[in-house]
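Chains, contacts and geometry: an overview
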Amino acid sequence: MSVNIRELLKEYDLEIDDLRWYLSMQMAERLLTYREDPRLLTELIWRGTLGDELYDMEERFLRESQEQMDRGVLDETRVREQLNQALRARRLRRR
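Residues numbered from 1 in each chain as written. Predicted model: local features only at pLDDT ≥ 70, side-chain atom pairs only at ≥ 80, totals over all residues. Heavy atoms only, no water.

1. Section: the overall build of the protein
Of the regular secondary structure elements, the protein holds six helices and zero strands. In the protein, the succession of helices and strands from N to C terminus is α-α-α-α-α-α. Each of the three principal axes of the protein carries a C-alpha extent, and together these read 45 × 35 × 20 Å. Burial analysis of the protein (95 residues in total) assigns 29% to the buried set. Sequence-distant contacts, at least 24 apart, represent 75% of the contacts inside the protein between residues at least 6 apart. (Helix = DSSP H or I, 4+ residues; strand = E, 2+ residues; numbered from the N terminus. Buried < 20%, exposed > 50% of the residue type's maximum accessible area, 1.4 Å probe, protein only. Contact = heavy atoms within 4.5 Å.)

Dropping the structure here:
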């Protein structure tokens, strides 16, 4: 039986807002890579892909992570690494 990701959030004392911040940081890092080819970023925005990715990104992350854990594609260790990164992001945000 796989671990429940929402229970892990509680264990790490993380809230949805913390997860949203962490995912936003990841997205910002990804978007900054488009400096080399701004046309690709323009297409992401123009097609609505970026908006789709941002809409409910934290809920989608939780749902997809849980589904992957249930299928055995994602292991608990990797999820814990991500949650530790979210904790670090929260600490940086609160400075």
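2. Some words on the side chain of Glu-58
Mapped onto the elements, Glu-58 comes out in helix 5 (residues 57-71). Relative accessible area serves as the criterion here: at 8%, Glu-58 is assigned to the buried category.

3. Quick word on the pattern of salt bridges
Evaluated as defined, the whole model comprises 14 salt bridges. A salt bridge links Arg-20 to Asp-17, with the shortest nitrogen-to-oxygen separation between them at 3.0 Å. With Arg-20 and Asp-17 both in helix 2 (residues 16-32) and three residues apart, this pair spans about one turn of that helix. The exposure class of Arg-20 is partly exposed, given its relative accessible area of 32%. Looking at Asp-17, the relative accessible area reads 34%, which means it is partly exposed. A salt bridge links Asp-17 to Arg-93; the nearest nitrogen and oxygen atoms lie 2.7 Å apart. With Asp-17 in helix 2 and Arg-93 in helix 6 (residues 76-93), this residue pair connects regions lying 76 residues apart in the sequence. Connected through salt bridges with shared partners, the residues Asp-17, Asp-18, Arg-20, Glu-58, Arg-90, Arg-93 and Arg-94 form a single ionic network. (Salt bridge = Lys/Arg side-chain N within 4 Å of Asp/Glu carboxyl O.)

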